[in-house]
Amino acid sequence: LGTSIIALTFDGGVILGADSRTSTGNYIANRASDKITPLCDNVYTLRSGSASDTQAIAGYVQHFIAQHQAEEGDQVTVKTVANLVKMMAYNNKDFMQAGLIVAGFDKHGGGQVYSISLGGTVTATPFAMSGSGSTYINGFCDKYWRENMSEQDAMEFITRALRYAMTWDASSGGCIRTVTITAAGVKRQFIQGSQIPPTYGELPRQQVVA
Amino acid sequence: MSRGGSGYDRHITIFSPEGRLFQVEYAFKAVKTAGVTSIAVRGKDSVVFVTQKKVQDKLIDPSSVTRLFKITKYVGMLVTGLPADTRAIVQQARQQAADFRFKFGYEIPVDYLAKVLADKAQVYTQHAYMRPLGVVSMLIGIDEERGPQLFKVDPAGYYVGYKATAVGVKETEAHNFLEKKLKATPGLSYDEAVITAIGALQSVLSEEFKAADLEVGVVCDGPEGGDRAFRVLSTEDVDHFLTIISERD
């Protein structure tokens, strides 16, 4: 997965955003992939790195968390899920290439984002991004990210950041998928490629005449 | 008839000369030592079960006492019998259901889970190293293909599907009540199913219940369904049904 994935907390929850391109070399194997995967009702993960490795990790974590959720009754905490993902990544570090961002909402800690990098390091931050596309938007995110944005501002920020990442990174593209998790539940949104406004310097679509 | 056998046929699960498995029979008796009765009723788009919440000791925190368990989001289990064996079988059920979902990619059907638990129970009736569990379990869920399902699993390793059933101290009286009721009105709605189950319990125990004395679990399809998920009714919901029953009488 050459990828652009971002997650951030806002006032009331978290938003996860991702592009939709899966490439093998120069061939785009899937131009509409869904890189935002549920691990349980209130915690989702963004996957970058090897698609098969991250799918396998997600599968195992879903399995264990489902049992934990049945036992606990209450909502599973984001930290618990992130811990399980970390264990999978750390214990199998020699065999995997997986960078995941685990984000969700629980009533004890509110919205939380945990980034789990290749070797199994966990970092809890209000904003996290990963994937090949994230390297192109360091400056943009540095300037425009603020803590505790409103849901609308956060959504605008994420879609704008992903838009830039997808423009500059060859391994990212397609459409923008987002998932918003709050106390009220989970909301999925989708912005088609053709609806993503062109970035500065790009010609607007109407003016490209053959 | 002379009494052959080595004399151990009461101690481990081997046949007596009359062809009985005493340990299994004793397990059934152990179920009744819980001193409660549980009833389950299947409607046309829902399944409900209800049991008495008996907390003997005033010092016990009632919120920590339960015999209803969520096995998966869609399968609920009501276990009657020895409390420690209850926890053991619930653990097994949850493990089996989770493994099934992980391996096959879809939610475990209720009848399959019942079969798995029943087969495990059967093993205990053959191996000398483990005793049978002193519990009878009722499993409910809405199957995608077959609709509402109610299954009962017992220490003998027997499992079968039911339209309605009962377990515990007053199970015979409850069965009679349920037979008459279901013969008169087959195809119950969700509300009717809950009222039948609670009504049956009240009738056979000759008791007027308060909401705190009961635990009710349901799975329901249809508009008020809640996407077929298993849920335990809140005290308010139970009160609502108890009021309907008392007003009707």
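Going by the structure above, here's the rest.
We now turn to the structure provided with this report. Counting restarts for each chain, with residues numbered from 1 along the sequence as it is written. Both sets of labels track the order of writing: A upward for chains, 1 upward for ligands. In keeping with the model being predicted, local features are shown solely for residues with a pLDDT of at least 70 and side-chain atom pairs are shown and tallied solely at 80 or more, while totals for entire chains, interfaces and linings include all residues. Side-chain numbers come from the whole structure's heavy atoms, not from hydrogens or water.

1. Looking at a nonpolar patch on the surface
Link 1 in the chain: Note on patches: the residues involved have over 30% relative accessible area and no salt bridge, like charges join within 9 Å, and the nonpolar side chains Val, Leu, Ile, Met, Phe, Trp and Tyr join within 5 Å. Per-residue and other accessible areas were derived by the Shrake-Rupley procedure at a 1.4 Å probe size, with only the shown protein chains allowed to occlude residues. The term salt bridge refers to a side-chain nitrogen of Lys or Arg lying within 4 Å of a carboxyl oxygen of Asp or Glu. On the surface, Tyr60(A), Phe64(A) and Phe102(B) cluster together to form a nonpolar patch covering roughly 280 Å² of accessible area.
Link 2 in the chain: Helix and strand definitions here come from DSSP, where helices need a minimum of 4 consecutive H or I residues and strands a minimum of 2 consecutive E residues; each element is numbered from the N-terminal end. Inspection of the secondary structure assignment puts Tyr60(A) in helix H1 (residues 51-72).

2. Some points on the interface of chain A and chain B
Link 1 in the chain: Contact with chain A, which involves six residues of that partner, is made by nine residues of chain B.
Link 2 in the chain: Roughly 740 Å² of surface becomes buried between chain A and chain B when both sides are summed, with 53% attributable to carbon and sulfur atoms.
Link 3 in the chain: Accessible area that two parts lose when put together, with a 1.4 Å probe and added across both, is what the buried area reports. Contact with chain B buries surface across chain A, with His63(A), Ala70(A) and Glu71(A) losing the most and accounting together for 60% of the total.
Link 4 in the chain: On inspection of chain A and its partner chain B, the count reaches two salt bridges. Contacts are assigned to residue pairs that have any heavy atoms within 4.5 Å of one another.

3. Comments concerning the sheet that holds strand S2 (residues 13-18) of chain A
Residue and element names in this part refer to chain A.
Link 1 in the chain: Criterion used throughout: strands pair if DSSP finds at least two bridges between them. The five strands lie next to each other as S10-S1-S2-S11-S12, forming an open sheet whose pairing is antiparallel. Looking at which strands have only one partner, the edges of the open sheet turn out to be strand S10 (127-130) and strand S12 (185-191). Each neighbouring strand pair of the sheet contributes to a mean axis angle of 15 degrees, computed without reference to strand direction.
Link 2 in the chain: Examined bridge by bridge, strand S1 (residues 5-10) and S10 share four bridges and lie antiparallel to one another. Opposite isoleucine 6, over in S10, you have methionine 129 as the bridge partner. Note on geometry: axes are C-alpha line fits, over the in-contact stretch for helices, and angles between N-to-C directions span 0 to 180 degrees.

4. Description of the pattern of salt bridges
Link 1 in the chain: Within this structure, the stated rule accounts for 15 salt bridges over all chains.
Link 2 in the chain: One connected set of salt bridges, linked through shared partners, spans Glu71(A), Arg87(B) and Arg94(B).

5. Notes on the state of the cysteines
Residue and element names in this part refer to chain A.
Link 1 in the chain: Cysteine sulfur atoms that pair up within 2.5 Å are treated as a disulfide. Across all of its chains, the model carries zero disulfides over all chains by this definition.
Link 2 in the chain: In this structure cysteine 175 is not part of a disulfide, and its nearest cysteine sulfur, from cysteine 141, lies 19 Å away.
Link 3 in the chain: Burial here depends on accessible area, computed with a 1.4 Å probe over protein chains only, as a share of the maximum for the residue type. Under 20% is buried, over 50% is exposed, and the range in between is partly exposed. Here cysteine 175 falls in the buried class, since its relative accessible area comes to 5%.

6. Quick look at the pairing of strand S5 (residues 135-143) of chain B
Residue and element names in this part refer to chain B.
Link 1 in the chain: Of all nine residues making up S5, nine are buried, and the element is well covered by its neighbours.
Link 2 in the chain: A two-sided burial pattern is seen for S5, the buried positions comprising Val135, Ser137, Leu139, Gly141 and Asp143 on one face and Val136, Met138, Ile140 and Ile142 on the other.
Link 3 in the chain: Across six bridges, strand S4 (residues 76-81) lies against S5 in antiparallel orientation. Its bridge partner lying in S5, leucine 78 is registered against methionine 138.
Link 4 in the chain: With seven bridges joining them, S5 and strand S6 (residues 147-153) adopt antiparallel strand pairing.

7. A short note on the packing of H1(A) against helix H2 (residues 83-104) of chain B
Link 1 in the chain: As a packed pair, H1(A) and H2(B) sit with axes 10 Å apart at the nearest point and diverge in direction by 155 degrees. In this view, H1(A) runs roughly antiparallel relative to H2(B), as classed from their interaxial angle. In this structure, the crossing between H1(A) and H2(B) has a hand that is right-handed. Packed against H1(A), whose contacting residues are Gly59(A), Tyr60(A), His63(A), Gln67(A), Ala70(A) and Glu71(A), the element H2(B) presents Arg87(B), Gln91(B), Arg94(B), Gln95(B), Ala98(B), Asp99(B) and Phe102(B) at the interface.
Link 2 in the chain: Looking at the contact of H1(A) with H2(B) residue by residue, the class counts come to four nonpolar, five polar and four charged. Roughly parallel here means an angle under 35 degrees, roughly antiparallel means over 145, roughly perpendicular means 65 to 115, and every remaining angle is called oblique. Helix crossings fall into two classes, left-handed where the near helix is turned counterclockwise from the far one by less than a right angle and right-handed where it is turned clockwise. Classification convention: Asp, Glu, Lys, Arg as charged; Ala, Val, Leu, Ile, Met, Phe, Trp, Tyr, Cys, Pro as nonpolar; all other residues, Gly among them, as polar.

8. So, the pairing of strand S8 (residues 164-168) of chain B
All names here are of chain B.
Link 1 in the chain: Of all five residues in S8, five are buried, a share of seventy percent or more.
Link 2 in the chain: Note: strand S1 (residues 37-42) against S8, five bridges, orientation antiparallel. The partner of valine 41 across the bridge, within S8, is alanine 164.

9. Let's talk about the nonpolar core
The tendency in soluble globular proteins is for nonpolar side chains to be buried side by side.
Residues and elements named next belong to chain B.
Link 1 in the chain: The biggest cluster of nonpolar side chains holds 31 residues, and the ones touching the most others in it are Ile39, Val41, Val48, Val50, Tyr190, Ile198 and Leu214.
Link 2 in the chain: Of all the elements in the fold, those that place two or more residues in this core are S1, strand S2 (46-52), S8, helix H4 (171-184), helix H5 (190-205), strand S9 (214-220) and helix H6 (235-248).
Link 3 in the chain: It is H5 that contributes the most residues to this core, ten residues altogether.
Link 4 in the chain: Put simply, buried Ala, Val, Leu, Ile, Met, Phe, Trp, Tyr and Cys residues joined by side-chain atoms within 4.5 Å make one nonpolar core. If you look at the next biggest cluster of nonpolar residues, it comprises 22 residues, including Val90, Ala93, Phe100 and Val110.

10. What about the environment of Thr72(B)?
All names here are of chain B.
Link 1 in the chain: On the secondary structure map, threonine 72 appears in the loop between strand S3 (68-70) and S4.
Link 2 in the chain: Since its relative accessible area comes to 11%, threonine 72 is described here as buried.
Link 3 in the chain: Sequence-wise, threonine 72 and arginine 94 are 22 residues apart; in three dimensions their C-alpha atoms are separated by 7.0 Å.
Link 4 in the chain: Threonine 72 has contacts with Ala97, Glu107 and Ile108, leaving out every residue within four places of it along the chain.
Link 5 in the chain: Think of a polar contact as two N or O atoms within 3.5 Å of one another; within protein, one of them needs to be a possible hydrogen donor and the other a possible acceptor, and neighboring residues in sequence only count if both atoms come from side chains. Within the structure, the side chain of threonine 72 is placed 3.1 Å from the backbone nitrogen of valine 75, a separation counted as a polar contact.

11. Some details on the packing of aromatic side chains
Link 1 in the chain: Stacked, edge-to-face and tilted are the three classes for Phe, Tyr and Trp ring pairs, Trp counted by its six-membered ring, which pair at centre distances within 6.5 Å; planes under 30 degrees apart are stacked, over 60 edge-to-face, the rest tilted. As enumerated under the stated definition, the model contains 14 aromatic pairs over all chains in all.
Link 2 in the chain: Between Phe127(A) and Phe157(A), the aromatic rings sit 5.9 Å apart at their centres with planes inclined by 65 degrees, giving edge-to-face as the arrangement. With Phe127(A) in strand S10 and Phe157(A) in helix H4 (residues 151-168), this pair connects stretches of sequence that are 30 residues apart.
Link 3 in the chain: The buried category is assigned to Phe127(A), whose relative accessible area is 18%.
Link 4 in the chain: Aromatic pair Phe100(B) and Phe104(B): ring centres 4.9 Å apart, planes at 55 degrees, arrangement tilted. Here Phe100(B) and its partner Phe104(B) are both found in helix H2, four residues apart, which amounts to about one turn of the helix.

12. Section: the sheet that holds strand S7 (residues 98-106) of chain A
All names here are of chain A.
Link 1 in the chain: As summarised here, the arrangement of the five strands in space is S5-S6-S7-S8-S9, forming an open sheet in which the pairing is antiparallel. The open sheet has two free edges, formed respectively by strand S5 (36-40) and strand S9 (122-124), since each of these has just one partner strand. Neighbour to neighbour, the strand axes of the sheet diverge by 25 degrees on average, direction disregarded.
Link 2 in the chain: Two strands pair when backbone bridges link them, and S5 and strand S6 (residues 43-49) are joined in this way by four bridges, in the antiparallel orientation. Across the sheet, cysteine 40 pairs through a bridge with valine 43, a residue of S6.
Link 3 in the chain: Here H1 sits on the sheet and contacts S5, S6 and S7; the angle it forms with S5, its principal contact strand, is near 25 degrees.

13. Structural notes on unusual backbone geometry
Residue and element names in this part refer to chain B.
Link 1 in the chain: A positive phi angle, close to 45 degrees, is found at serine 206, a residue other than glycine.
Link 2 in the chain: Take serine 206: it is sitting in the loop between H5 and S9.
Link 3 in the chain: Residue classification places serine 206 among the exposed positions, given a relative accessible area of 67%.
Link 4 in the chain: One non-glycine residue, arginine 228, adopts positive backbone phi at about 65 degrees.
Link 5 in the chain: Within the secondary structure, arginine 228 is located in the loop between S9 and strand S10 (231-232).

All quantities given are derived from atomic positions and should not be read as evidence of function.
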